[in-house]
Amino acid sequence: MTTTSEPAPQPRTSAPAAEHRTRFFDHRIPSLYAGRYIIGNRQILKDVDGADRTVDAAPQPFDVVQPRFSFDPTGINARFPVPDAVGTYSQTLAHINLDAPGLPWARLLAEGQPGAVPWMALLLFREGELPDEDPDAVGLVKAGTVRELLDGDLGDGVVPGIDPQSMRPDEYDEQCATIRVPAELFDAVKPLPVEMGYLAHLREGGRPDATVFGADPEPDEGELNAVLVANRFPAATGGRHVAHLVSLEGHDRYLTAPAPAEGVRLVSLASWSFTTEPDSGIGFGDLAQHLATTDGKTPRPADELRLRVPASGPANPAGPQKEALDRMAGGAVALPQRLESGERTLAFYQGPLTAQPAQELPDPSAGPEGRLDSAGEALIYLQQYGVFDTAYAAAFTIGRTLALADAEFRTALLEFRSAARTAARRLASHPDLASRAATALTARQVTAPLAYEAFDRLLTAGDSDDGYGRGGSARLVQALDQAGSQLRSGRRRTAARTRRSPGDVRAVLTQPGVAGLLTQAAAVEFDKVTGWLNALRRLELLDLSHLVPDSRALPAESIRFAYVDAAWVRAAVDGALSVGVGHALDADLNALAIGGGPVPKCAVLINSSLVPNWPNTIVTAYTGQDVVEPVRDAVFGTETRLILFPEVIDRFELAEPPRGLCFGIGDVGTIELREITGDRIGHPMGEFPQPAGFARFLRPGGRDVLNLDGPGDALLPALSSAHGLGGGQRVSSAQFALQMINAPQAQTFSRP
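Residues numbered from 1 in each chain as written. Predicted model: local features only at pLDDT ≥ 70, side-chain atom pairs only at ≥ 80, totals over all residues. Heavy atoms only, no water.

Caption draft 1: Representation of the overall build of the protein chain within the structure. Looking only at helices and strands, one finds 21 helices and 33 strands in the protein chain. For the protein chain, the residues scored as buried account for 45% of the 752 residues in total. Partitioning the intrachain contacts of the protein chain with sequence separation of at least 6 by distance along the chain shows that 75% fall at a separation of at least 24. As displayed, the protein chain offers around 36,800 Å² of accessible surface, 52% of which is attributable to carbon and sulfur atoms. (Helix = DSSP H or I, 4+ residues; strand = E, 2+ residues; numbered from the N terminus. Buried < 20%, exposed > 50% of the residue type's maximum accessible area, 1.4 Å probe, protein only. Contact = heavy atoms within 4.5 Å. Areas by Shrake-Rupley, 256 points an atom, 1.4 Å probe, with all protein chains shown as cover.)

Okay, structure coming up:
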């Protein structure tokens, strides 16, 4: 199998059906911004002489009240990373989700600023960056009244320059939380006014109404939230971080000019802290990409993804070399072998997983010729080369060993065969019973003692025929009446017995309905036997060394695809059923347990740190466009995962576990471009940027701050160009949010 070069659709087989949808909107501009207003009412009347007469009413002041220095924390819908979280977040942009959809745009940042620019922003700080009040980045603030803040009584730092005329009298006594940000730090992390509009948007999650031909329904007011996103990544070296939702009202002049030397004192409307662990530089995307490619771009050759030991040989091998290389290409390995004569040689061994489809062998249902009775029958001798192929002989022995080691299975198998033998002999001795096996006969009638069966017929027989050609209504009364006289006269009833040969008993098994009847002779034990054998067919009882006899076939950080050899599994089943076989009848009875569940057709083996580090990784397999559900998904040790499928798959996908909606970049330094117009909004368009690497879009200074629209290589113009926008057109804030969604990553493998 080879990897696809283009992204493939990413359905999630284990995710529930979608019950909502998500839409993004740029902003919500209010009809009136928060502030103090005066209504002036003037009337102009015509006097009797025709002159205009002006009448001015008393001015009517009113306030549009919105949170300014604090707001109710219950209005916070969500935060990411969640408060006090510990994880690897160095590729994630923190964000906060507010219940009030219009709050970020409820007031103007400053006179002359566009209404789409919010008055608040989410800033991220690291340990040691707020040395005066919060050196450990745990969320400490300086609290006091608004009056104390504006009077400069809460500590160093330039306070907001707010027009006193815009203040309501009661606002001065409100409580507020503040932080002092050093000048150099503020200049490094502050968003430009032109960038602030892109760091805030509206999100709607509502019913999955169809979006057809641009006929989008109006936003659901009850599902709208405001989202503010930080413009800075947490440190790759790890450590504690604190996020502050701050008001920039009154500090707008410092957004485009250097901050004052004493720093600025900002109002913190909300804050939380989290810890990011050191980033090893290897994430889900890196590991999945390594499984699929040799250098991050070049797909691994199909032969390299097959489960076999790499082997090199001459360009045109012949004779023994070709035979050996062909067998190794199929997944076999050469192992030391000691013959019964004591000689040492080599033999080929292959487990149930093969690199190429295995050859078909006779069907066991065809008769004894398709059944293995010993390991020796399964041993293949390559006379021309003087070596053995031990694959099926080893499978037989493995199955037999597993059966002998499992006392519960062994006991159930022997008890089932004992009950089935008894029932088969009863049917062979009573042809009339055998003739009824396909219709009215029950398991009890062929397993209970004959005396019990005869007495049951006397008790239950009615006026109709009892099944043996005799009327039953008066048989019990007649037998009791005649018993005394017959005993006094010394008369005894005798019945002639006919001896049946073993051949007769085996012949009974071929009659219609007999096989099903015999499986009911010891139904509980038979179910245990078939359940155990089905587990063997799913390879559940086998160790990893049985599946991968040579570790070079599945090295560290690799994925391998394989076929399942049904003949190998059948040989193991024959070996398990060979336990306790004393004669041909037992072997024939084993055939009743052969027809269990199907054998899987193909397998995927993953040996990678993906297995322990992302235990909820979603795997999806396809044949054509149809999803194929696995029949088994198991982990060996800590880093090896086996997935078995009921049919040969065409495509296989590894997908990162789903998570809450967040923003950031992928492990390989890219984001996934998504359609922003038409009826395919949100569908993937490919990776951005190419070549991979987001460092070009960071501000200089090493603080991991995004350069959205500042001098140098800015992200917004590059994104707009990638979407084919020209003539000064830009992606909107909603479209920018759609691009920056850090969706789970996926890697697809396709069969050539």
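Caption draft 2: Looking closely at the pattern of salt bridges. For the structure shown, the criterion picks out 34 salt bridges. Between Arg42 and Asp56 there is a salt bridge, with its nearest N and O atoms 2.6 Å apart. Of the two residues, Arg42 sits in strand 4 (residues 42-46) while Asp56 sits in strand 5 (residues 52-56), which places them 14 residues apart along the sequence. The class of Asp56 is partly exposed, set by a relative accessible area of 48%. Glu184 is the salt-bridge partner of Arg703, the closest N and O atoms lying 4.0 Å from each other. Of this pair, Arg703 sits in the loop between strand 32 (684-688) and helix 20 (715-722) while Glu184 sits in helix 2 (residues 183-189), and the two are 519 residues apart along the sequence. For Arg703, a relative accessible area of 23% corresponds to the partly exposed category. On the accessibility criterion, Glu184 (64% relative accessible area) is exposed. Via salt bridges that share partners, Arg68, Arg168, Asp170, Glu171, Glu174 and Glu249 belong to a single interconnected network. (Salt bridge = Lys/Arg side-chain N within 4 Å of Asp/Glu carboxyl O.)

Caption draft 3: Structural context of the sheet that holds strand 22 (residues 387-389). Strand order across the open sheet formed by 4 strands is 18-19-22-21, with mixed pairing between neighbours. Two strands close off the open sheet at either side, each with one partner strand: strand 18 (333-338) and strand 21 (380-382). This sheet shows a mean twist of 35° between the axes of neighbouring strands, independent of strand direction. When strand 18 meets strand 19 (residues 344-349), the two strands line up antiparallel, connected through 6 bridges. Across the sheet, the residue bridging to Ala334 is Phe348, located in strand 19. (Pairing = 2+ DSSP bridges. Axes fitted to C-alpha atoms, helices over the stretch in contact; angles between N-to-C directions.)

Caption draft 4: Structural view of unusual backbone geometry. Cis geometry is found at the peptide bond from Phe688 to Pro689, where omega equals -5°. Within the element layout of this structure, Pro689 appears in the loop between strand 32 and helix 20. Backbone torsion omega between Gln690 and Pro691 reads 0°, so that peptide bond is classified as cis. One non-glycine residue, Leu539, lies in positive phi territory at about 65°. Its place among the elements puts Leu539 in the loop between helix 15 (523-537) and helix 16 (544-547). On the basis of relative accessible area, Leu539 is assigned to the buried category, the value being 0%. Here Asp704, not a glycine, exhibits a phi torsion of approximately 60°, which is positive.

Caption draft 5: Molecular detail of the pairing of strand 27 (residues 632-636). Across the two faces of strand 27 the burial differs, with Arg632, Ala634 and Phe636 buried and Asp633 and Val635 not buried at all. Two strands pair when backbone bridges link them, and strand 27 and strand 28 (residues 640-645) are joined in this way by 5 bridges, in the antiparallel orientation. Looking across to strand 28, one finds that Phe636 is bridged to Thr640. Linking strand 27 to strand 28, which pair antiparallel, is a turn of 3 residues; within it Gly637 sits at a positive phi near 65°.

Caption draft 6: Quick look at the side chain of Arg232. Mapped onto the elements of the fold, Arg232 is located in the loop between strand 15 (224-229) and strand 16 (239-247). In this structure Arg232 comes out as buried when scored by relative accessible area, which is 0%. Within polar-contact distance, the side chain of Arg232 engages the backbone oxygen of Leu124 at 2.8 Å. Only 2.9 Å separates the side chain of Arg232 from the backbone oxygen of Arg703, close enough to count as a polar contact. Contacts of Arg232, omitting those with residues within four sequence positions, involve Thr92, Leu93, Leu124, Phe125, Arg126, Glu129, Leu185, Val189, Arg703, Asp704 and Val705. (Polar contact = N/O pair within 3.5 Å; in protein donor to acceptor, adjacent residues only side chain to side chain.)

Caption draft 7: Just the packing of aromatic side chains, in detail. Counted under the stated rule, the structure contains 14 aromatic pairs. Between the aromatic rings of Tyr37 and Phe62, the centroid separation amounts to 5.5 Å while the plane-to-plane angle is 15°, which identifies the pairing as stacked. Pair noted here: Tyr37 is in strand 3 (residues 35-39) and Phe62 is in strand 6 (residues 60-64), with a separation of 25 residues, a long-range link. According to the relative accessible area criterion, Tyr37 is partly exposed, its value standing at 26%. Taking relative accessible area as the criterion, Phe62 reaches 30% and is therefore assigned partly exposed. Ring geometry for Tyr381 and Phe388: centres 4.8 Å apart, planes at 45°, overall tilted. Given the relative accessible area of 45%, Tyr381 is considered partly exposed. Grouping aromatic residues by their ring pairs yields a cluster made of Phe561, Phe645, Phe652 and Phe749. When the ring centre of Trp119 is taken as origin, the NZ or CZ atom of Arg107, which lies over that ring, is 5.4 Å away. (Phe/Tyr/Trp six-rings, centres within 6.5 Å; stacked < 30°, edge-to-face > 60°. Lys NZ or Arg CZ within 6 Å of the ring centre and 35° of its normal.)

Caption draft 8: Main features of the packing of helix 15 against helix 17 (residues 566-577). At a closest axis distance of 10 Å, the pairing of helix 15 and helix 17 adopts a crossing angle of 145°. You can see that helix 15 and helix 17 cross each other, and the crossing is right-handed. Within the contact between the two elements, helix 15 uses Val529, Trp532, Leu533, Leu536 and Arg537 and helix 17 uses Val569, Ala572, Val573, Ala576 and Leu577. Looking at the contact of helix 15 with helix 17, its residues break down into 9 nonpolar, no polar and 1 charged. (Left-handed = near helix turned anticlockwise from the far one by under 90°. Nonpolar A, V, L, I, M, F, W, Y, C, P; charged D, E, K, R; others polar.)

Caption draft 9: Structural detail: helix 4 (residues 284-292). In terms of burial, helix 4 is largely enclosed, as 7 of its 9 residues are buried. Among the residues making up helix 4, those that are buried are Phe284, Gly285, Asp286, Leu287, Ala288, Leu291 and Ala292.

Caption draft 10: Region of the structure containing the sheet that holds strand 28. Across the sheet, 5 strands lie side by side as 20-23-24-28-27; this open sheet has antiparallel pairing. Either end of the sheet is taken by a strand with one partner, and the two such strands are strand 20 (353-354) and strand 27.

Caption draft 11: Quick look at helix 21 (residues 733-740). Most of helix 21 is tucked away, with 7 of its 8 residues classed as buried. Buried within helix 21 are the following residues: Ser733, Ala734, Phe736, Ala737, Leu738, Gln739 and Met740.

Caption draft 12: Structural view of the nonpolar core. Leu98 and Leu245 are the most contacted members of the largest nonpolar core, which totals 60 residues. By residue number, the principal contributor to this core is strand 17 (residues 264-276), which donates 7 residues. Once residues lying within four places of it in the same chain are set aside, the contact partners of Leu245 are Phe71, Ile96, Leu98, Met120, Ala121, Leu122, Leu228, Val267, Ser268, Leu269 and Ala270. Ala412, Ala562, Val564 and Leu589 belong to the second-largest nonpolar core, a separate cluster that totals 57 residues. (Core = buried A, V, L, I, M, F, W, Y, C linked by side-chain atoms within 4.5 Å.)

Caption draft 13: Just the confidence of the model for the protein chain, in detail. The predicted model of the protein chain averages 83 in pLDDT, with 83% of residues at 70 or higher. Note that pLDDT drops below 50 for residues 463-470; the model gives that stretch 15 contacts with residues more than four away or on any other chain. (pLDDT = per-residue confidence, 0-100.)

Caption draft 14: Structural context of the packing of helix 7 (residues 391-405) against helix 17. At a minimum axis separation of 6 Å, helix 7 and helix 17 run at an interaxial angle of 40°. If you check the angle between helix 7 and helix 17, you find them oblique. With respect to the hand of their crossing, helix 7 and helix 17 are arranged in right-handed fashion. For the pair helix 7 and helix 17, the contacting residues are Ala391, Tyr392, Ala395, Phe396, Ile398, Gly399, Arg400 and Ala403 in the first and Ala567, Trp568, Ala571, Ala572, Asp574, Gly575 and Ala576 in the second. The class makeup of the residues in the contact of helix 7 with helix 17 is 11 nonpolar, 2 polar and 2 charged. (Parallel < 35°, antiparallel > 145°, perpendicular 65-115°, else oblique.)

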